[in-house]
Amino acid sequence: FIPTNWILSDDPALYSDIIDISDRLIINYRKNILDVFISRERSLKTQKWTRTTEYDPNYDKEFTWKKEDFLAFSKNYISYYDTILNLIKSHNMKYNIICYEKLIQSGEKGRMEMISKAIGYEHPLKQPIVKKQSHKIKQVDAFSNKEQFLSEYETVDEYYKILNLI
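Residues numbered from 1 in each chain as written. Predicted model: local features only at pLDDT ≥ 70, side-chain atom pairs only at ≥ 80, totals over all residues. Heavy atoms only, no water.

Okay, the confidence of the model for the chain next. Residues at a pLDDT of 70 or more form 85% of the chain, whose mean pLDDT is 84. Ranking the elements of the chain by mean pLDDT puts helix α1 (residues 13-21) last, at 82, and helix α6 (residues 146-153) first, at 97. (pLDDT = per-residue confidence, 0-100. Helix = DSSP H or I, 4+ residues; strand = E, 2+ residues; numbered from the N terminus.)

Let us now look at the pattern of salt bridges. Applying the stated criterion across every chain yields a total of four salt bridges. Residues K45 and E41 are paired through a salt bridge, measuring 3.8 Å at the closest nitrogen-oxygen approach. A residue pair is termed a helical-turn pair when its members lie 3 or 4 positions apart in one helix, as K45 and E41 do in helix α2 (residues 33-46) at four residues. (Salt bridge = Lys/Arg side-chain N within 4 Å of Asp/Glu carboxyl O.)

With 33 residues, the main nonpolar core has Y29, L34 and F143 as its most contacted residues. Counting residues per element, the ones that place at least two in this core are α1, β1 (25-29), α2, α3 (67-90), β2 (95-99) and α6. When residues in this core are grouped by element, the largest group, 10 residues, is from α3. In this structure, Y29 is in contact with Y77, Y81, I97, I98, C99, Y100, E101, L163, N164, L165 and I166, ignoring residues within four places of it in sequence. (Core = buried A, V, L, I, M, F, W, Y, C linked by side-chain atoms within 4.5 Å. Buried < 20%, exposed > 50% of the residue type's maximum accessible area, 1.4 Å probe, protein only. Contact = heavy atoms within 4.5 Å.)

Attention shifts here to the packing of aromatic side chains. The full count for this structure, using the stated rule, is 17 aromatic pairs. Judged by centre distance (5.4 Å) and plane angle (85°), the ring pair of F37 and F70 falls under edge-to-face. Highlighted residues: F37 in helix α2 and F70 in helix α3, separated in sequence by 33 residues. A single burial state applies to F37 and to F70, both of which are buried. Taking the centre distance of 5.4 Å and the plane angle of 80° together, the rings of W65 and F143 count as edge-to-face. Taken together, the residues span a long stretch of sequence, with W65 in the loop between α2 and α3 and F143 in the loop between α5 (108-119) and α6 at a distance of 78 residues. Across this residue pair, the class does not change: W65 and F143 are buried. The rings of Y29, F37, F63, W65, F70, F73, Y77, Y80, Y81, F143, F149 and Y153 are connected pair by pair, giving a single aromatic cluster. Taking NZ or CZ as reference, K161 lies 4.3 Å from the ring centre of Y153, over its face. (Phe/Tyr/Trp six-rings, centres within 6.5 Å; stacked < 30°, edge-to-face > 60°. Lys NZ or Arg CZ within 6 Å of the ring centre and 35° of its normal.)

Put into C-alpha coordinates, the structure is as follows:
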(Lines give C-alpha, C1' and ligand atoms only; values in the text may rest on other atoms or scores of the structure.)
Protein backbone atom coordinates (compact mmCIF):
# COMPACT_ATOMS: atom_id res chain seq x y z
CA PHE A 1 0.00 0.00 0.00
CA ILE A 2 1.47 3.33 -1.10
CA PRO A 3 -0.07 6.38 0.57
CA THR A 4 -2.11 8.75 -1.58
CA ASN A 5 -0.93 12.00 -0.10
CA TRP A 6 0.09 13.44 -3.51
CA ILE A 7 3.48 14.42 -2.16
CA LEU A 8 6.49 12.16 -2.10
CA SER A 9 7.79 11.07 1.26
CA ASP A 10 10.99 12.72 2.46
CA ASP A 11 12.45 9.22 2.50
CA PRO A 12 12.19 7.54 -0.95
CA ALA A 13 13.59 4.38 0.64
CA LEU A 14 10.17 3.97 2.27
CA TYR A 15 8.62 3.27 -1.13
CA SER A 16 11.40 0.85 -2.05
CA ASP A 17 10.86 -1.00 1.22
CA ILE A 18 7.12 -1.21 0.56
CA ILE A 19 7.69 -2.47 -2.96
CA ASP A 20 10.22 -5.05 -1.77
CA ILE A 21 7.77 -6.63 0.70
CA SER A 22 4.75 -6.50 -1.61
CA ASP A 23 3.31 -9.40 -3.58
CA ARG A 24 1.37 -7.17 -5.92
CA LEU A 25 0.88 -3.44 -6.32
CA ILE A 26 -2.26 -1.59 -7.31
CA ILE A 27 -2.17 2.02 -8.35
CA ASN A 28 -5.55 3.69 -7.92
CA TYR A 29 -5.40 7.14 -9.45
CA ARG A 30 -7.72 9.91 -10.53
CA LYS A 31 -7.44 10.90 -14.15
CA ASN A 32 -9.06 14.34 -13.73
CA ILE A 33 -6.47 16.43 -11.90
CA LEU A 34 -8.89 19.30 -11.21
CA ASP A 35 -11.18 16.88 -9.36
CA VAL A 36 -8.22 15.79 -7.22
CA PHE A 37 -7.30 19.41 -6.55
CA ILE A 38 -10.86 20.28 -5.49
CA SER A 39 -11.13 17.21 -3.27
CA ARG A 40 -7.77 17.87 -1.63
CA GLU A 41 -8.54 21.54 -0.99
CA ARG A 42 -11.87 20.63 0.59
CA SER A 43 -10.25 17.99 2.77
CA LEU A 44 -7.51 20.37 3.86
CA LYS A 45 -10.06 23.03 4.80
CA THR A 46 -12.42 20.67 6.67
CA GLN A 47 -9.92 18.03 7.85
CA LYS A 48 -12.35 15.40 6.51
CA TRP A 49 -10.39 12.84 4.51
CA THR A 50 -13.00 10.05 4.55
CA ARG A 51 -16.70 9.83 5.26
CA THR A 52 -18.28 6.96 7.14
CA THR A 53 -21.24 8.86 8.60
CA GLU A 54 -23.72 11.46 7.37
CA TYR A 55 -22.90 13.99 4.67
CA ASP A 56 -21.53 17.30 5.97
CA PRO A 57 -22.50 20.28 3.75
CA ASN A 58 -19.44 22.20 5.00
CA TYR A 59 -17.31 19.87 2.89
CA ASP A 60 -18.77 21.34 -0.31
CA LYS A 61 -18.29 25.01 0.59
CA GLU A 62 -16.82 27.17 -2.14
CA PHE A 63 -13.20 28.25 -2.00
CA THR A 64 -11.08 30.68 -4.02
CA TRP A 65 -9.56 29.47 -7.29
CA LYS A 66 -5.89 30.35 -7.72
CA LYS A 67 -4.37 29.23 -11.00
CA GLU A 68 -0.83 29.17 -9.60
CA ASP A 69 -1.95 26.85 -6.76
CA PHE A 70 -3.59 24.49 -9.23
CA LEU A 71 -0.54 24.40 -11.52
CA ALA A 72 1.81 23.74 -8.60
CA PHE A 73 -0.48 20.97 -7.37
CA SER A 74 -0.80 19.46 -10.84
CA LYS A 75 2.98 19.38 -11.35
CA ASN A 76 3.42 17.61 -7.99
CA TYR A 77 0.60 15.16 -8.77
CA ILE A 78 2.03 14.21 -12.17
CA SER A 79 5.56 13.99 -10.76
CA TYR A 80 4.37 11.78 -7.89
CA TYR A 81 2.93 9.17 -10.25
CA ASP A 82 5.92 9.36 -12.62
CA THR A 83 8.26 8.75 -9.69
CA ILE A 84 6.17 5.89 -8.28
CA LEU A 85 5.83 4.15 -11.65
CA ASN A 86 9.55 4.48 -12.37
CA LEU A 87 10.37 3.10 -8.94
CA ILE A 88 8.01 0.14 -9.39
CA LYS A 89 9.46 -0.59 -12.82
CA SER A 90 13.03 -0.37 -11.47
CA HIS A 91 12.10 -3.16 -9.02
CA ASN A 92 10.62 -5.28 -11.84
CA MET A 93 7.43 -5.49 -9.78
CA LYS A 94 4.11 -6.45 -11.33
CA TYR A 95 1.42 -3.86 -10.86
CA ASN A 96 -2.12 -3.04 -11.90
CA ILE A 97 -3.59 0.38 -12.49
CA ILE A 98 -7.18 1.26 -11.61
CA CYS A 99 -8.69 4.54 -12.74
CA TYR A 100 -10.77 6.03 -9.91
CA GLU A 101 -13.34 7.52 -12.28
CA LYS A 102 -13.99 4.14 -13.91
CA LEU A 103 -14.14 2.47 -10.51
CA ILE A 104 -16.69 4.95 -9.13
CA GLN A 105 -18.84 4.90 -12.28
CA SER A 106 -19.17 1.12 -12.04
CA GLY A 107 -21.93 -0.36 -9.92
CA GLU A 108 -21.09 -2.17 -6.70
CA LYS A 109 -20.62 -5.49 -8.49
CA GLY A 110 -18.44 -3.86 -11.17
CA ARG A 111 -16.23 -2.19 -8.55
CA MET A 112 -15.71 -5.44 -6.68
CA GLU A 113 -14.85 -7.17 -9.98
CA MET A 114 -12.28 -4.49 -10.92
CA ILE A 115 -10.59 -4.77 -7.54
CA SER A 116 -10.70 -8.58 -7.53
CA LYS A 117 -9.16 -8.67 -10.98
CA ALA A 118 -6.37 -6.34 -9.83
CA ILE A 119 -5.50 -8.14 -6.58
CA GLY A 120 -6.34 -11.67 -7.62
CA TYR A 121 -9.49 -13.65 -7.08
CA GLU A 122 -7.90 -15.69 -4.29
CA HIS A 123 -8.27 -12.73 -1.95
CA PRO A 124 -11.84 -12.31 -0.63
CA LEU A 125 -13.13 -8.75 -0.52
CA LYS A 126 -15.35 -7.00 2.01
CA GLN A 127 -17.68 -4.17 1.09
CA PRO A 128 -16.07 -0.91 2.28
CA ILE A 129 -17.92 1.39 4.68
CA VAL A 130 -16.43 4.60 3.28
CA LYS A 131 -18.82 6.80 1.31
CA LYS A 132 -18.25 9.63 -1.13
CA GLN A 133 -17.82 12.86 0.83
CA SER A 134 -19.19 15.40 -1.60
CA HIS A 135 -22.37 15.70 -3.57
CA LYS A 136 -22.08 15.69 -7.33
CA ILE A 137 -21.69 19.27 -8.48
CA LYS A 138 -20.05 20.99 -11.43
CA GLN A 139 -16.36 21.78 -10.98
CA VAL A 140 -17.01 25.50 -11.42
CA ASP A 141 -19.36 25.41 -8.42
CA ALA A 142 -16.45 24.56 -6.14
CA PHE A 143 -15.06 28.07 -6.54
CA SER A 144 -16.22 31.39 -5.13
CA ASN A 145 -14.59 33.27 -8.04
CA LYS A 146 -16.33 31.36 -10.84
CA GLU A 147 -15.65 33.83 -13.67
CA GLN A 148 -11.94 33.94 -12.87
CA PHE A 149 -11.83 30.14 -12.73
CA LEU A 150 -13.60 29.80 -16.10
CA SER A 151 -11.34 32.30 -17.86
CA GLU A 152 -8.08 30.99 -16.37
CA TYR A 153 -8.78 27.25 -16.48
CA GLU A 154 -9.37 27.31 -20.23
CA THR A 155 -5.81 28.64 -20.65
CA VAL A 156 -4.30 25.72 -18.71
CA ASP A 157 -2.49 23.22 -20.95
CA GLU A 158 -4.16 19.78 -21.19
CA TYR A 159 -1.01 18.21 -19.74
CA TYR A 160 -1.92 19.73 -16.36
CA LYS A 161 -5.58 18.68 -16.54
CA ILE A 162 -5.54 14.95 -17.28
CA LEU A 163 -3.28 12.17 -16.01
CA ASN A 164 -3.24 9.21 -18.41
CA LEU A 165 -1.67 6.16 -16.80
CA ILE A 166 -3.72 3.62 -18.80
